[in-house]
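Here are the chains, one letter per residue:
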Amino acid sequence: MEKAELKELILKWLKEHSHDKKRKIVDIAQGIGMSETPEAVVDTLVEMEKDYEVFRNEFGNYSDRESAGIIEGKISINKAGLGFIDREDQDSIRIRDNCQKTAMSGDIVLVQCLPWETYGKVIAVVKRAREHVIGTFEDSGRGLHLVLDDEKIQQRIKRVRYDDDFTPISGMKVICDIEDYGIPLILRVRQVIGYKDDPGVDITSVLLDHDIEGEFPEEVMEQVRTIPQTVPEKDLEGRKDL
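Throughout what follows, the structure given in this document is the object of discussion. (Residues numbered from 1 in each chain as written. Predicted model: local features only at pLDDT ≥ 70, side-chain atom pairs only at ≥ 80, totals over all residues. Heavy atoms only, no water.)

### What about the pattern of salt bridges?
Line of reasoning, step 1. Going through the model one piece at a time under the given rule, you end up with 16 salt bridges.
Line of reasoning, step 2. Across the pair Glu47 and Lys7 runs a salt bridge, and its minimum N-O distance is 2.9 Å. Linking Glu47 in helix 3 (residues 38-50) with Lys7 in helix 1 (residues 3-16), this pair joins segments that are 40 residues apart in sequence.
Line of reasoning, step 3. Note that Arg161 and Glu179 form a salt bridge whose closest N and O atoms lie 3.2 Å from each other. (Salt bridge = Lys/Arg side-chain N within 4 Å of Asp/Glu carboxyl O. Helix = DSSP H or I, 4+ residues; strand = E, 2+ residues; numbered from the N terminus.)

Quick look at the structure:
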């Protein structure tokens, strides 16, 4: 039997037996007629659990997404740290800061929230919304520390790494790649944008935060330099200056 077909059988059985008290591996294998070859069922369930297609509780019982109360959506986190998942025709799911795992605002997450519940908890982050952050080195009196531009994650515990030949200076604004989304948040300085009071630094920071390069590539600048600053006479023929 092809693995895709086996997955469909497992999901179909789980949906039809979502209220059964016994939904362990042996029950699933018997239910889909594969009690004599449970190894294939085990391997498939392991893969499906890894891909968040099925979920296993503390008793070893399996459920499909819907039965387990799993919802996929984009999490929005306000300044107070409370997360929300919007749903069509239903109230938004609320997620307390201690139930968000390593999710950041804008991430696509899987949240567990049963129909009668108002608050849910993040089970996994499916897709990250950002791979970098921007911040400014500031002197707190006890040494330099990086203050992130995004107020929603300013309180996150973080560790900043940089190359040996880099020296942070108070007021220096930098863009950092996120190396690890855990606790602490591991950041590595990629580029110095400038100093916070320099003209244009704020605009450049916003552009870089949205993956827009503030400078054109050298080959583009070379072409720009070849553009004549005056209109040739031949191009003026037939035109009327208004």
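### Remarks on the environment of Arg159
Line of reasoning, step 1. Among the structural elements, Arg159 can be located in strand 10 (residues 158-161).
Line of reasoning, step 2. Considering only alpha carbons, one finds Arg159 and Asp64, 95 residues apart in sequence, at a separation of 38 Å.
Line of reasoning, step 3. Contact partners of Arg159, with chain neighbours within four places excluded, come to Pro184, Leu185, Ile186 and Leu187. (Contact = heavy atoms within 4.5 Å.)

### A few points about the sheet that holds strand 5 (residues 90-95)
Line of reasoning, step 1. A sheet is described by the order of its strands in space; here five strands give the open sequence 5-4-3-6-7, paired in antiparallel fashion. Edge strands, defined here as strands with exactly one partner in the open sheet, are strand 5 and strand 7 (121-127). Going from strand to strand, the sheet's axes swing by 40° on average, the running direction of each strand aside.
Line of reasoning, step 2. In terms of strand pairing, strand 6 (residues 108-112) meets strand 7 through five bridges, oriented antiparallel. What sits directly across from Val109, in strand 7, is Val125. (Pairing = 2+ DSSP bridges. Axes fitted to C-alpha atoms, helices over the stretch in contact; angles between N-to-C directions.)

### Here's the deal with unusual backbone geometry
Line of reasoning, step 1. A cis amide bond, omega 5°, links Ile183 with the succeeding residue Pro184.
Line of reasoning, step 2. The topology assignment puts Pro184 in the loop between strand 11 (172-180) and strand 12 (185-195).
Line of reasoning, step 3. Phi is positive for Tyr52, close to 60°, though the residue is something other than glycine.
Line of reasoning, step 4. Mapped onto the elements, Tyr52 comes out in the loop between helix 3 and strand 1 (54-56).
Line of reasoning, step 5. For Tyr52, a relative accessible area of 31% gives the class partly exposed. (Buried < 20%, exposed > 50% of the residue type's maximum accessible area, 1.4 Å probe, protein only.)

### Points about the nonpolar core
Line of reasoning, step 1. Core analysis: the biggest nonpolar cluster contains 15 residues, and Val133, Phe137, Leu146, Val174, Cys176, Ile178 and Leu187 have the highest contact counts within it.
Line of reasoning, step 2. Mapped by element, the contributors of at least two residues to this core are strand 8 (132-139), strand 9 (144-148), strand 11 and strand 12.
Line of reasoning, step 3. Top contributing element to this core by residue count: strand 11, with four residues.
Line of reasoning, step 4. Other than its neighbours up to four places away in sequence, Leu187 contacts Val133, Leu146, Leu148, Lys158, Arg159, Val160, Arg161, Cys176, Asp177 and Ile178. (Core = buried A, V, L, I, M, F, W, Y, C linked by side-chain atoms within 4.5 Å.)

### Focus: the sheet that holds strand 10
Line of reasoning, step 1. Sheet architecture is open: five strands sit in the order 9-8-11-12-10, paired in mixed fashion. Looking along the sheet, the strands with just one partner apiece sit at the ends: strand 9 and strand 10. On average, each strand axis in the sheet is tilted by 45° relative to the strand beside it, whichever way the strands run.
Line of reasoning, step 2. Sheet topology note: the strand 11/strand 12 ladder contains eight bridges and is antiparallel. Counted as the bridge partner of Ile175 is Gln191 from strand 12.
Line of reasoning, step 3. Each of strand 8, strand 11 and strand 12 is contacted by helix 5 (residues 201-209), which is oriented at about 140° to strand 12, the strand it contacts most.

### A few points about the side chain of Lys173
Line of reasoning, step 1. Residue placement: Lys173 occurs in strand 11.
Line of reasoning, step 2. Here Lys173 falls in the buried class, since its relative accessible area comes to 6%.
Line of reasoning, step 3. Each residue touching Lys173, except ones within four places of it in the same chain, is listed here: Ile134, Gly135, Thr136, Asp149, Gln191, Val192, Ile193, Gly194, Tyr195, Val201, Asp202 and Ser205.

### A few points about the side chain of Asp64
Line of reasoning, step 1. With respect to the element layout, Asp64 can be found in strand 2 (residues 62-64).
Line of reasoning, step 2. The buried category is assigned to Asp64, whose relative accessible area is 2%.
Line of reasoning, step 3. Among the polar contacts made by the side chain of Asp64, one reaches the side chain of Lys15 at a distance of 3.4 Å.
Line of reasoning, step 4. In terms of polar contacts, Asp64 uses its side chain to reach the backbone amide nitrogen of Glu66, at 3.2 Å.
Line of reasoning, step 5. Other than its neighbours up to four places away in sequence, Asp64 contacts Leu11, Leu14, Lys15 and Glu53. (Polar contact = N/O pair within 3.5 Å; in protein donor to acceptor, adjacent residues only side chain to side chain.)

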